[in-house]
Amino acid sequence: MSTTINRRQFLQTSGLTGTGLAFSLSIGGCANLSRADTAHAWQANAWLEITADNTVSFYLHRTEMGQGTMTGLTTLIAEELEVSPEFINVKTSSVHANYVHPDYGLQITGGSSSTSSSWIPLRTAAATAREMIRRAAAQRWNTTIDNVQIADGKAHFKDISLPYGDFIDIAKHLSIPTVSLKTPEQYSKIGKPGIRLDAPMKSKGTATFGIDAAPASCLKATLVRCPVIGGTAKSWKTNGAQDMPGVKKIVEIHNGIAVIAASWWQAKEAAKAITVDWNMPPFSALSDDTILSGFRDALANNSGKVARDDGDIEQALDDAEQVIEAEYYVPYLAHATMEPMNCSVILTDNYCEIWAPTQGPDIAAVAAEHASGLRRNQVTVHTTLMGGGFGRRLNQDFVEEAVLIAKHSGLPIQLIWSREDDIQNDFYRPSALVRFKAGIDKTGNVSCLSHKGASPNIMPYTFKEAAGAVLPAWLPDGMVKSIASLGPTIYGDVLLDATSVEGIADSCYQFDHFHARHVQHDPGLRVGYWRSVGHSFNAFFMESFVDEIAHESKQDPYSMRLSLLSEHPRMTAVLKSVAQHAQWDKTKAPSVFQGIAVHHSFNTSVAMLAEISIENNNNDRIRINKIVCAVDCGQTINPDIVKAQMESGIIFGLTQALKGKITIRNGAVQQSNFHDYELIRINEVPEMDIHIIDSRAAPTGVGEPAVPLVAPALANAIFAATGKRQRSLPLSLL
Amino acid sequence: MITFSLNGKEFSADADPFMPLLWVIRDLAQLQGTKFGCGQGLCGACTVHLDGAAIRSCITPLNAIEGRHITTIEGLSSSSDNTTPSHDHPVQQAWIKNNVPQCGYCQSGQIMSASALLATNAAPTDEEITRAMSGNICRCGTYPRIRQAIHDAAKTLTPNIDTEHFQSDLTSE
Ligand code: FES
Ligand code: FES
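Residues numbered from 1 in each chain as written. Chains lettered and ligands numbered in written order. Predicted model: local features only at pLDDT ≥ 70, side-chain atom pairs only at ≥ 80, totals over all residues. Heavy atoms only, no water.

**A few points about the interface of chain A and chain B**
- Taken together, the 62 residues of chain A in the interface contact 54 residues of chain B.
- With both sides pooled, the region where chain A packs onto chain B buries about 4,900 Å², and carbon together with sulfur makes up 57% of that total.
- The largest per-residue losses of area from chain A upon contact with chain B belong to Lys204(A), Trp265(A) and Ile682(A), which jointly make up 17% of the total buried on that side.
- At the boundary of chain A with chain B, the tally comes to five salt bridges. (Contact = heavy atoms within 4.5 Å. Buried area = accessible area lost by both parts, 1.4 Å probe. Salt bridge = Lys/Arg side-chain N within 4 Å of Asp/Glu carboxyl O.)

**Some details on empty space enclosed by the protein**
Residue and element names in this part refer to chain A.
- Taken as a whole and judged by the stated rule, the model has five cavities of 30 Å³ or more.
- Looking at the largest cavity, the residues that line it are Gly503, Asp506, Ser507, Cys508, Tyr509, Met542, Leu565, Met571, Val598, His599 and His600.
- With three residues, the single largest contributor to the lining of the largest cavity is strand β24 (residues 592-601).
- Tallied by class, the residues present in the lining of the largest cavity amount to six nonpolar, four polar and one charged. (1 Å grid on protein atoms, 1.4 Å probe; cavity = no way out; pocket = protein on both sides within 12 Å on 5 of 7 lines; lining within 4 Å. Points joined across faces, edges and corners; volume = space filled by probe spheres on them. Helix = DSSP H or I, 4+ residues; strand = E, 2+ residues; numbered from the N terminus. Nonpolar A, V, L, I, M, F, W, Y, C, P; charged D, E, K, R; others polar.)

**Considering the side chain of Ser605(A)**
Residues and elements named next belong to chain A.
- With respect to the secondary-structure elements, serine 605 resides in strand β25 (residues 604-615).
- We classify serine 605 as buried; its relative accessible area is 1%.
- In this structure the side chain of serine 605 is engaged in a polar contact, spanning 2.8 Å, whose partner is the side chain of histidine 600.
- Not counting residues up to four positions away in its chain, the partners in contact with serine 605 are Arg570, Met571, Val574, His599, His600, Ala630, Val631 and Asp632. (Buried < 20%, exposed > 50% of the residue type's maximum accessible area, 1.4 Å probe, protein only. Polar contact = N/O pair within 3.5 Å; in protein donor to acceptor, adjacent residues only side chain to side chain.)

**Focus: the packing of helix α17 (residues 557-564) of chain A against helix α18 (residues 569-581) of chain A**
Residues and elements named next belong to chain A.
- Contact geometry for α17 and α18: axes closest at 10 Å, N-to-C directions at 165 degrees. Comparing their axes, α18 and α17 come out roughly antiparallel. Crossing angle aside, the handedness with which α17 passes α18 is left-handed. Side by side, α17 and α18 meet where Tyr558, Arg561 and Leu562 of the first sit next to Thr572, Leu575, Lys576 and Ala579 of the second.
- A per-class count over the contact of α17 with α18 returns four nonpolar, one polar and two charged. (Axes fitted to C-alpha atoms, helices over the stretch in contact; angles between N-to-C directions. Parallel < 35°, antiparallel > 145°, perpendicular 65-115°, else oblique. Left-handed = near helix turned anticlockwise from the far one by under 90°.)

**Some details on the pairing of strand β4 (residues 53-56) of chain B**
Residues and elements named next belong to chain B.
- Judged from the four bridges that link them, strand β3 (residues 47-50) and β4 form a sheet pairing that is antiparallel. For threonine 47, the partnering residue across the bridge sits in β4 and is arginine 56.
- Once β3 ends, the chain turns through two residues before running back antiparallel as β4, passing aspartate 51 with a positive phi of about 50 degrees. (Pairing = 2+ DSSP bridges.)

**Topic: the pattern of salt bridges**
- On inspection of all chains with the given rule, the structure shows 38 salt bridges over all chains.
- Between Lys204(A) and Asp88(B) there is a salt bridge, and its shortest N-O distance comes to 3.5 Å. Residue Lys204(A) is found in helix α5 (residues 199-204), and its partner Asp88(B) is found in the loop between β5 (69-71) and α2 (90-97); the two belong to separate chains. Considered together, Lys204(A) and Asp88(B) belong to a single accessibility category, that of buried residues.

The structure is reproduced here in structure tokens:
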């Protein structure tokens, strides 16, 4: 494939150091870089920079939170630039329009999309650099371009070999060539297992996470919060907290009382003394049972919005020989990233600098802008490594809190959340209730499927925070806020939020009559993006119900899926792969049972099979023997990272399937730490058998697509073993 | 003033005797490789060695360690030169070789638990690894690789013992 960077998108050095060559291009193709921009900050806007001393730097525009983006994207550069990935100096890029995600219009890391959206642009930037070095070398050695070999980070001609840095002076005056990207047969790094570039620092304790990134001048802050999110302080007493050791200041912000001390432990100790009388928000009227009945009422009384309508569902249900019906439910879930939320702030009258582990640096900048009252060009965001993201760090509430604490106290601070703060103040994975109907015709085949779901939409919450990042910076603050406040109306009442129905409305199954609709019902607990988002529950609903249809219509669950997916070769291939590796067709020992599921999300197809056994010597408790997984994610960049992401997704999915549950009493989240919000530990991890389908297609998502499959595969295995269909999560193994 | 040995050097903390060791290490000694995850002894992110044994520093008060030896991730490798792979502890080398870390936040604690295990049991079985490592949560789910890396490190520590048959069976095609 041949591709060109246009002149405006391509930056050459002249300004700052005068010794380097910088390459960038806009992923979205819409960046409008002025010369002033480039002269002032060309390095930060570039993806790739080569200096005369032969340092190759790559400005990583997506954030590393464990998913392997740093290694994957650096490998793309390394492949075309003919250097080893370890040779490249990886730096974090700043907030800039050039790094905006082409599909989201925001500089965010999410949707398992960093690799797919960077696949062509990054390789093009690197290939362009390589070809310009080749041309520069040809000029210098007075020979033809074809005579110059580029390999191992050097240009070679006859017996001379010189590093790239030696050609920078010539290269930067050359015109920009059209380049050809390597074909898969030419890959020497893409698709080969390699080491993770971030493994050494993360194994030596030298990696700097947000919690480690506070400048030395920062004091530590903690926040005393209302037990129900959204509550505000009516009145409060310090009870001597201000005189406790290390305490510098106590200030009130919109959602609590902040204690600032020399050490975080001192701040926490002093916070214990403070008593607050709270104004309780409306959500404090609700508990688990009233929340569930609210969903039931919403499903019964609201027609909702149509998300899919193939054929004639009413007629098909009327004509059916047999109609199967079922109701499914999932609870709210917390993200529980290993690193609690935190943010460091240095704020002056005209300058705000923050250090934050965030998945959305530009949204963080807007949060800081609004909280500080400064203009956007007075705010600098430093993105740090993140101790897990899983979607939680797309919300910037912790940035807003930190900046407000700095503003009200006049002190440089680092706000660190406790684990209790984290579990009880999340943007939760939505709870959802759905009802299915399926019709079986005279021949025993499934003729139609009808779905109606009720859940809170995520978009209103996102819209509120992100509006400022997509609106022009010159809009007055008040206007940005009023547009942002429209979120709930637009996405609550007017538009369908696609994430609420993803995995059902866009299902690959070929039913002749297929109807899906969604009722937006928000009990009032704030919700957010949780690893695999709507798929995390919709795959459980869909794949469990499809299994019910198979059993009710006396079809083999595997064969029925194959026939409903005949037009989807990638889904078919992953299904066949797990069935073959797990020997679905073979007779098993009498106590061994299997459940199968297949799902398409983030453009990736995954099939999963759970094999369980009934332990007669252990009160018939269910034991999970193994999980077999097959994935088609297109061309792999680093197959070992793909495998690691499948392992990771399976374990995340196991926590959801077996443990995850946030419960509400009088509006308060009842869980608080890892004793009552448990995560899978090493003793609960089954054997895993992971297969990656060989592919030359463009890469697709890997960080999320394994998560949704675990619950349905397990539920289907449990049904096979016990004849009992579990229609809510978490599943019981008893 | 409470004095103890921190990574082989004497360290004196002028702090509340009940201040948890975790915050003494992070906020006073400025060693940030040891992480805060739960503050309640539930996750293992804060694991350090007390006289060679793995402990949770978030629930260990300063006054409990007076005069004793604390090792953190920064002090795990025998050499202070932590820049070349050859100076890393065998557990760290095995971690890098197996691409264990994902987000990496739990890994200091995992490595401290694993190295304490291997110090007393040079060739642990799967069962023994499970027991020693169950106090360390990894939200990213790196457990299969942690297990493999411990077996690998055991092999470097005791090259004659065959641990092959304990290895979990993870395949890829
Ligand atoms: S922070 Fe100490 S065990 Fe979690
Ligand atoms: S690597 Fe992320 S929590 Fe373990």
